[in-house]
Amino acid sequence: MTTASTRIAILFSGTGTNLRNLAAHINAAHVPATLELAICNRPEAKGLDFCRDNNIPHELINHTDYSDRADFDAAMQTALQAADIELICAAGFMRLLTPEFVNYWQDRIINIHPSLLPAYKGLHTHRRVLEAGENTHGCTVHLIRPEMDEGPILVQKQVYVFPTDTEDTLAARVMEQELIAYPEALDIMLSRLRG
Ligand code: GAR
């Protein structure tokens, strides 16, 4: 499908560094996309302030209000369809999605993860990389598949792990790369979707 611009939704749960970065990228004149909706599952998420302050259409869909994942995903689906969304970017969205939801959005939902997938799926990646004594780490943007942190890789960025690194210094170095990787991956998706 090719409309004037691709209608994007961003899912997030927390600080919203990637949310802010993606919003800026989408708003750039040369990017054929519009940010139509941001969905957050946590009322305390700092990213919600950014949405309010910048007039980004957003919905708080608090997962604790729902009895199970299917109900929560159904509420997201209603909001996404009402906004006529074409592409979803998960950006620090810390909820597992049901296979039904993921399959509905097959190849139209992407995620950023703070590791060099397939290594270090799951949580606390920076700590685990340090504990394992790795000397490389990084981030991955990938198409989402039903299995957690699985799916074809769009962009990967690598960083060196210094012996003096702490979880915080390493997280900051990886985040610098996340801010480069996600716009690159989004551009790949846009050119693919827009044929
Ligand atoms: C980012 O580092 C992102 O890669 C990670 O959460 C952080 C969100 O930060 N995502 C995951 O761990 C997903 N499995 P942000 O809200 O400041 O962008």
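Please read all numbers here as calculations on a predicted model, not as lab measurements. Chains are numbered independently. Their residues run from 1 in the order of the written sequence. It should be noted that, the model being predicted, local features are given only for residues of pLDDT at least 70 and side-chain atom pairs only at 80 or more, the latter also being counted only at that level, while totals for whole chains, interfaces and linings use all residues. Where side-chain values are given, they derive from all heavy atoms of the structure, hydrogens and water being excluded.

Asker: For the packing of aromatic side chains, give the residues involved together with the corresponding values.
Answerer: Side-chain rings of Phe, Tyr and Trp (the six-membered ring for Trp) are treated as a pair once their centres are within 6.5 Å; stacked means planes under 30 degrees apart, edge-to-face means over 60, and tilted covers the remaining angles. If you walk through the whole model with that rule in mind, you get four aromatic pairs. A centroid spacing of 6.0 Å and a plane angle of 70° characterise the contact between Tyr 66 and Phe 72, whose relative ring orientation is edge-to-face. Residue class for Tyr 66 comes out partly exposed when judged on its relative accessible area of 30%. Judged by centre distance (5.1 Å) and plane angle (75°), the rings of Tyr 160 and Phe 162 are edge-to-face. Accessible area is worked out with a 1.4 Å probe on protein chains only. A residue is then buried under 20% of its type maximum, exposed over 50%, and partly exposed in between. Residue Tyr 160 is classed as partly exposed on the basis of its relative accessible area, which comes to 44%. Taken together through their ring pairs, the aromatic side chains of Tyr 66, Phe 72 and Phe 93 make up a single cluster. Ring-over charges, as used throughout, are those where CZ of Arg or NZ of Lys falls within 6 Å of the ring centre and within 35 degrees of the ring normal. The ring of Phe 72 carries the charged tip of Arg 95 above its face, separated from the ring centre by 5.2 Å.

Asker: Lay out the nonpolar core with the relevant residues and their values.
Answerer: What makes a nonpolar core is a set of buried Ala, Val, Leu, Ile, Met, Phe, Trp, Tyr and Cys residues whose side-chain atoms join them at distances within 4.5 Å. Core analysis: the largest hydrophobic core is formed by 38 residues, its most contacted members being Ile 8, Ile 10, Phe 12, Cys 89, Tyr 182 and Leu 186. Starting at the N terminus, helices and strands are each numbered in turn, a helix being any DSSP run of H or I of at least four residues and a strand any DSSP run of E of at least two. Among the elements that make up this core, the one with the highest residue count is helix 6 (residues 167-193) (eight residues). Not counting residues within four places of it along the chain, the set of residues in contact with Ile 8 comprises Ile 26, Ala 33, Thr 34, Leu 35, Glu 36, Leu 37, Ile 85, Leu 87, Cys 89, Leu 186 and Leu 190. In this structure, Ala 9, Phe 72, Met 76 and Val 102 belong to the second largest nonpolar core, which totals 21 residues. Whether two residues are in contact is decided by their heavy atoms: any pair within 4.5 Å suffices.

Asker: Lay out the packing of helix 1 (residues 17-27) against helix 6 with the relevant residues and their values.
Answerer: Lines are fitted to the C-alpha atoms to define the axes, a helix being fitted only along its stretch in contact, and any angle between axes, read from their N-to-C directions, falls within 0 to 180 degrees. Closest axis-to-axis distance for the helix 1/helix 6 pair is 10 Å, and the angle between their directions is 40°. If you check the angle between helix 1 and helix 6, you find them oblique. Crossing of helix 1 over helix 6 shows right-handed handedness. Between helix 1, through Thr 17, Asn 18, Asn 21, Leu 22, His 25 and Ile 26, and helix 6, the contact on the second element is made entirely by Met 175, Glu 178, Leu 179, Tyr 182, Pro 183, Leu 186 and Asp 187. Throughout, the ten residues Ala, Val, Leu, Ile, Met, Phe, Trp, Tyr, Cys and Pro are labelled nonpolar, Asp, Glu, Lys and Arg are labelled charged, and all others, Gly among them, are labelled polar. A per-class count over the contact of helix 1 with helix 6 returns seven nonpolar, four polar and two charged. Each angle gets one of four labels, with under 35 degrees taken as roughly parallel, over 145 as roughly antiparallel, 65 to 115 as roughly perpendicular, and the rest as oblique. Handedness of a crossing follows from how the near helix is turned relative to the far one, being left-handed for an anticlockwise turn of less than a right angle and right-handed for a clockwise one.

Asker: How would you explain the pattern of salt bridges if you had to name every residue and give the values?
Answerer: Salt bridges, as used here, are contacts in which a Lys or Arg side-chain nitrogen is within 4 Å of a carboxyl oxygen on Asp or Glu. If you walk through the whole model with that rule in mind, you get eight salt bridges. Of the charged contacts in the structure, one is a salt bridge between Arg 7 and Glu 36, with a shortest N-O distance of 3.3 Å. You can see Arg 7 sitting in strand 1 (residues 6-12) and its partner Glu 36 sitting in strand 2 (residues 33-40), a full 29 residues away along the chain. The salt bridge partner of Arg 145 is Asp 107, with a shortest N-O separation of 2.9 Å. Separated by 38 residues along the polypeptide, Arg 145 in the loop between strand 6 (136-143) and strand 7 (153-160) and Asp 107 in the loop between helix 4 (99-104) and strand 5 (109-113) bring together distant segments of the chain. One network of salt bridges, with partners in common, ties together Asp 107, Arg 145 and Arg 192.

Asker: Explain the UniProt feature "binding site: (6R)-10-formyltetrahydrofolate" (unreviewed entry) in the protein chain to me, and be specific about the residues and the numbers.
Answerer: UniProt positions are given in the numbering used here, feature names are shortened, and annotations may be inferred rather than shown by experiment. Here, UniProt's "binding site: (6R)-10-formyltetrahydrofolate" (unreviewed entry) annotation points to Arg 69, Met 94, Arg 95, Leu 96, Leu 97 and Asn 111. Along the polypeptide, Arg 95 turns up in the loop between strand 4 (87-90) and helix 4. Setting aside chain neighbours within four positions, we find Arg 95 in contact with Asn 41, His 63, Arg 69 and Phe 72. Of the residues examined, Leu 96 reaches a relative accessible area of 43% and is grouped as partly exposed. Among all residues touching Leu 96, those that are not within four sequence positions of it are Arg 69 and Met 148.

Asker: Now, about the sheet that holds strand 4: what can you tell me, with residues and values included?
Answerer: For two strands to be treated as a pair, DSSP must find at least two bridges joining them. Strand order in the open sheet formed by seven strands is 3-2-1-4-5-6-7, and the pairing between neighbours is mixed. One side of each edge strand has no neighbouring strand; the edge strands of this open sheet are strand 3 (58-60) and strand 7. Shown here is a sheet whose adjacent strand axes are inclined to one another by a mean of 15°, direction ignored. Note that strand 1 and strand 4 share four bridges and pair parallel. Opposite Ile 8, over in strand 4, you have Leu 87 as the bridge partner. Most of the contacts of helix 1 go to strand 1, to which it runs at about 170°, and overall it touches strand 1, strand 2, strand 4 and strand 5. The strands that helix 3 (residues 69-82) touches are strand 1, strand 2, strand 3 and strand 4; relative to strand 2, the one it contacts most, it runs at about 155°.

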